[in-house]
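Residues per chain, in single letters:
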Amino acid sequence: VLTAMHVQERKQPLKVYVPYTQVEFAGLWFANMFIYNERMSFDISLLPLNPGVMVLEGDVSLEFTPTRHLEKYSKYAAGFGLTPVGYSVTVREGRKRFFFSSDLASLDEANGNLNADVSLLEATHPPLEEVAALSREKGGSLYFTHIPRELEDGGIWKEELASKFGIRELNSVHDGQTIVL
């Protein structure tokens, strides 16, 4: 993405937010890339992404909530001085809310945000039972992502949802797909 911005002759400075525990690491990593600062047509600022609310403009805000998905890698990352963290994101504009779960260890992590106007949940890691229960409970405002098409379209995943849990339709989205509300 950075290279594409450079090739398109971007001039406006770019703010890149990274997890607050990784700003130094990201700076060192970027500094060792051949494309970084000296060759870019624009300035790049690395800023800490802290859990909590970030107001963007007017009544638009982003809320970042750490997830437990990467905790299992903590012991490996610690040897390199890293603290892996993933975030779910809630976007608010006025009274409208959109929730994106990111990778989760369990769908329980998303429960406090599922009353959003639209919720997009990553479904790779949680058990199928949890996906089915949420789909049954929330229905139309809940969408699932990270379901391989070959599993979803007539595949094992979809067959299990139907046979074990009675779920015949699942709101699923794929990369590049547009959701019309």
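Here's what I pulled together on the structure shown here. (Residues numbered from 1 in each chain as written. Predicted model: local features only at pLDDT ≥ 70, side-chain atom pairs only at ≥ 80, totals over all residues. Heavy atoms only, no water.)

Quick look at the packing of aromatic side chains now. Counted according to the given criterion, the structure contains two aromatic pairs. Here tryptophan 29 and phenylalanine 30 contribute two aromatic rings whose centre-to-centre distance is 5.2 Å and whose plane-to-plane angle is 55°, an arrangement assigned as tilted. Residues phenylalanine 64 and tyrosine 87 carry aromatic rings whose centres are separated by 6.2 Å and whose planes lie at 85° to one another, so their mutual orientation is edge-to-face. With phenylalanine 64 in strand E4 (residues 60-67) and tyrosine 87 in strand E5 (residues 86-93), the pair connects residues that are 23 residues apart, well separated along the chain. (Phe/Tyr/Trp six-rings, centres within 6.5 Å; stacked < 30°, edge-to-face > 60°. Helix = DSSP H or I, 4+ residues; strand = E, 2+ residues; numbered from the N terminus.)

Once that is clear, we can look at the environment of alanine 132. Mapped onto the elements of the fold, alanine 132 is located in helix H4 (residues 128-138). C-alpha separation for the pair alanine 132 and leucine 170, spaced 38 residues apart in sequence, amounts to 8.6 Å. When residues no more than four places from it in sequence are discounted, the contact partners of alanine 132 are Leu161, Phe165 and Ile167. (Contact = heavy atoms within 4.5 Å.)

Another point: the sheet that holds E5. With mixed pairing, six strands are arranged side by side in an open sheet as E3-E4-E5-E6-E7-E8. Because the sheet does not close on itself, it has two edges, and the strands there are strand E3 (52-57) and strand E8 (142-145). On average, adjacent strands in this sheet sit at an angle of 20° to one another, irrespective of strand direction. With three bridges connecting them, strand E6 (residues 96-100) and strand E7 (residues 118-122) associate as parallel partners. Bridging from a neighbouring strand, phenylalanine 100 pairs with leucine 120 of E7. This element, H4, spans E7 and E8 of the sheet and lies at about 150° to E8. (Pairing = 2+ DSSP bridges. Axes fitted to C-alpha atoms, helices over the stretch in contact; angles between N-to-C directions.)

Ranked by internal contacts, the top residues of the largest apolar core, which has 19 residues, are Leu114, Leu121, Leu134, Phe144 and Leu161. Element by element, the count of residues in this core is highest for H4, at four residues. Ignoring anything within four residues of it in the chain, the contact list for leucine 114 reads Phe99, Ser119, Leu121, Leu134, Lys138 and Leu142. Within the second largest apolar cluster, ten residues are counted, among which are Leu2, Val16, Val18 and Ala26. (Core = buried A, V, L, I, M, F, W, Y, C linked by side-chain atoms within 4.5 Å. Buried < 20%, exposed > 50% of the residue type's maximum accessible area, 1.4 Å probe, protein only.)

With that settled, the discussion passes to the environment of phenylalanine 144. Structurally, phenylalanine 144 can be placed in strand E8. C-alpha of phenylalanine 144 to C-alpha of asparagine 171: the two residues are 27 residues apart in sequence and 6.1 Å apart in space. Those residues in contact with phenylalanine 144 that sit more than four places away from it in its chain are Leu120, Leu121, Ala123, Val131, Leu134, Ser135, Leu170, Asn171, Ser172 and Val173.

Let us now look at the pattern of salt bridges. Under the defined criterion, the tally for this structure stands at one salt bridge. Between glutamate 63 and arginine 92 there is a salt bridge, with the nearest N and O atoms lying 2.9 Å from each other. With glutamate 63 in strand E4 and arginine 92 in strand E5, this pair connects stretches of sequence that are 29 residues apart. Taking the relative accessible area as the measure of exposure, arginine 92 reaches 24% and is therefore partly exposed. (Salt bridge = Lys/Arg side-chain N within 4 Å of Asp/Glu carboxyl O.)

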